[in-house]
Amino acid sequence: MDSDSDHRGAYYFWHPVLDGTPCNINGNNLAPGQTLPSPNSPDPDVPPWKLAEHTVWFRDPCELVQNQLSNPDFADQIDYAPRQVFGDKADDLDCHGAMFVPIILGSDKTTISFLKFCQHLFHTSLAAILEAFCPAMEMPEVMMCPDGHYHQMVYGLNLYIADYPEQCLLACIAQEWCPSDLDSGQGSQWSHVHTQALMDAFSRHELWKEWGIIDGIMPFTAYFPQADIHKLITPDILHQIIEGTFKDHIAQAEVIWADIDRW
């Protein structure tokens, strides 16, 4: 039975009648006072916290960038000389002659659990915050520059500065996996297209075990043109180079010198 084929409507779809007694769609009698949700009600199997509203506080990123670009203190820090650019965006005639404004992002010590829902909320929030840049990512807009003149500008997500744990959060991968390169031995790189293809082809368990991918979550950059978080993440200089290389080498050298002194 369905609500379209039964002329009595949605109520009888959810409340079939057997011998005049309301029951559920499986024919089980309902307890006195018990009702079933209407077709438009939320799924009762979905946890309430997934349906809850969450408030995200943030400043208008466009206003922030406009204030920076119009600051005369930066008049000598911007190169206005034209450049010839090659690539996908270079074919867009609407952007010819416009100034490219790279949006550099960064975060550290984000207080967030690595539960899947929290990760999804994190990426959804970033996408919502940065959505204001989208119109000027496709079509240049005119803004004042530090030199006091007006120029056509086009935005683009450029770099994201973060330490390694947060890089994993941003790339939607498990710890101990590289957020930029695949573990293929051939220097292959992650991409949104590749990640989506793997999600379509493998189970959640296979994604986690074989690829280190968290199923069902795409990075926030997947919603912006010419942006891929795997290419925007910068090296974690503090942890990967300074502490991971020099500090370990110095500690090892101290052990060696201590052994030499004993001899």
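Preceding this paragraph is the structure being described.
The structure contained in this document is the topic of the report that follows.

Conventions used here
Residues numbered from 1 in each chain as written. Predicted model: local features only at pLDDT ≥ 70, side-chain atom pairs only at ≥ 80, totals over all residues. Heavy atoms only, no water. Helix = DSSP H or I, 4+ residues; strand = E, 2+ residues; numbered from the N terminus. Buried < 20%, exposed > 50% of the residue type's maximum accessible area, 1.4 Å probe, protein only. Contact = heavy atoms within 4.5 Å. Areas by Shrake-Rupley, 256 points an atom, 1.4 Å probe, with all protein chains shown as cover. Pairing = 2+ DSSP bridges. Axes fitted to C-alpha atoms, helices over the stretch in contact; angles between N-to-C directions. Core = buried A, V, L, I, M, F, W, Y, C linked by side-chain atoms within 4.5 Å. Salt bridge = Lys/Arg side-chain N within 4 Å of Asp/Glu carboxyl O. 1 Å grid on protein atoms, 1.4 Å probe; cavity = no way out; pocket = protein on both sides within 12 Å on 5 of 7 lines; lining within 4 Å. Points joined across faces, edges and corners; volume = space filled by probe spheres on them. Nonpolar A, V, L, I, M, F, W, Y, C, P; charged D, E, K, R; others polar. Phe/Tyr/Trp six-rings, centres within 6.5 Å; stacked < 30°, edge-to-face > 60°. Parallel < 35°, antiparallel > 145°, perpendicular 65-115°, else oblique.

Overview of the overall build of the chain
Right, so step 1: The secondary structure content of the chain amounts to ten helices and five strands.
Right, so step 2: By residue count, 29% of the 263 residues in the chain fall in the buried class.
Right, so step 3: A separation threshold of at least 6 residues defines the contact pool for the chain, and within that pool the share at least 24 residues apart is 62%.
Right, so step 4: Of the roughly 17,800 Å² of accessible surface on the chain, a fraction of 56% belongs to carbon and sulfur atoms.

Some points on the sheet that holds strand β3 (residues 99-106)
Right, so step 1: Strand order in the open sheet formed by three strands is β3-β5-β4, with mixed pairing between adjacent strands. Of all strands in the sheet, those with a lone pairing partner are β3 and β4 (141-144), marking the two edges. The mean angle between the axes of side-by-side strands here comes to 60 degrees, regardless of whether they run parallel or antiparallel.

Considering the nonpolar core
Right, so step 1: One finds Tyr155, Leu157, Tyr160 and Phe220 to be the most contacted residues of the largest nonpolar core, which totals 29 residues.
Right, so step 2: Secondary structure elements with two or more residues in this core: α3 (61-69), β3, α4 (116-130), α5 (135-138), β5 (150-161), α6 (164-171) and α9 (229-232).
Right, so step 3: Excluding anything up to four places from it in sequence, Tyr160 contacts Leu105, Gly106, Ser107, Phe122, Leu126, Glu166, Leu170, Phe220, Ile229, Leu232, Ile233 and Thr234.
Right, so step 4: Core analysis: the second largest hydrophobic core is formed by six residues, Leu198, Met199, Ile213 and Met218 among them.

Regarding the pattern of salt bridges
Right, so step 1: Counted according to the given criterion, the structure contains two salt bridges.
Right, so step 2: When the shortest N-O distance is used, the salt bridge between Asp215 and Arg204 registers 3.8 Å. Taken together, the positions of Asp215 in the loop between α8 (204-211) and α9 and Arg204 in helix α8 put the pair eleven residues apart, joining distant regions of the chain.
Right, so step 3: Exposure remark for Arg204: the relative accessible area of 58% places this residue in the exposed category.
Right, so step 4: The closest approach of N and O atoms between Lys231 and Asp228, which form a salt bridge, is 3.8 Å.

So, empty space enclosed by the protein
Right, so step 1: By the definition in use, this model includes one cavity of 30 Å³ or more.
Right, so step 2: Each pocket or cavity is described by its volume, and for the largest cavity that value is around 40 Å³.
Right, so step 3: If you go around the largest cavity, the residues you meet are Ala171, Cys172, Ile173, Trp190, Thr195, Met199, Ile213, Ile217, Pro219 and His230.
Right, so step 4: A class-by-class count of the residues in the lining of the largest cavity yields eight nonpolar, two polar and no charged.

So, unusual backbone geometry
Right, so step 1: Notably, Glu176 is not glycine yet its phi reads approximately 75 degrees, a positive angle.
Right, so step 2: Tracing the sequence through the fold places Glu176 in the loop between α6 and α7 (192-201).

With respect to the packing of aromatic side chains
Right, so step 1: Applying the stated criterion to the full structure yields three aromatic pairs.
Right, so step 2: Where Phe133 meets Tyr155, the ring centres are 4.9 Å apart and the plane angle is 70 degrees; that geometry is what we call edge-to-face. Taken as a pair, Phe133 in the loop between α4 and α5 and Tyr155 in strand β5 lie far apart in primary sequence, 22 residues in all. Accessibility classification places Phe133 together with Tyr155 in one group, the buried group.

A few points about the packing of α4 against α6
Right, so step 1: One way to put it is that α4 packs onto α6 with a least axis distance of 9 Å and a crossing angle of 80 degrees. The orientation of α4 relative to α6 falls into the category roughly perpendicular. On α6, the residues touching Gln119, Phe122, His123 and Leu126 of α4 are Glu166, Leu169 and Leu170.

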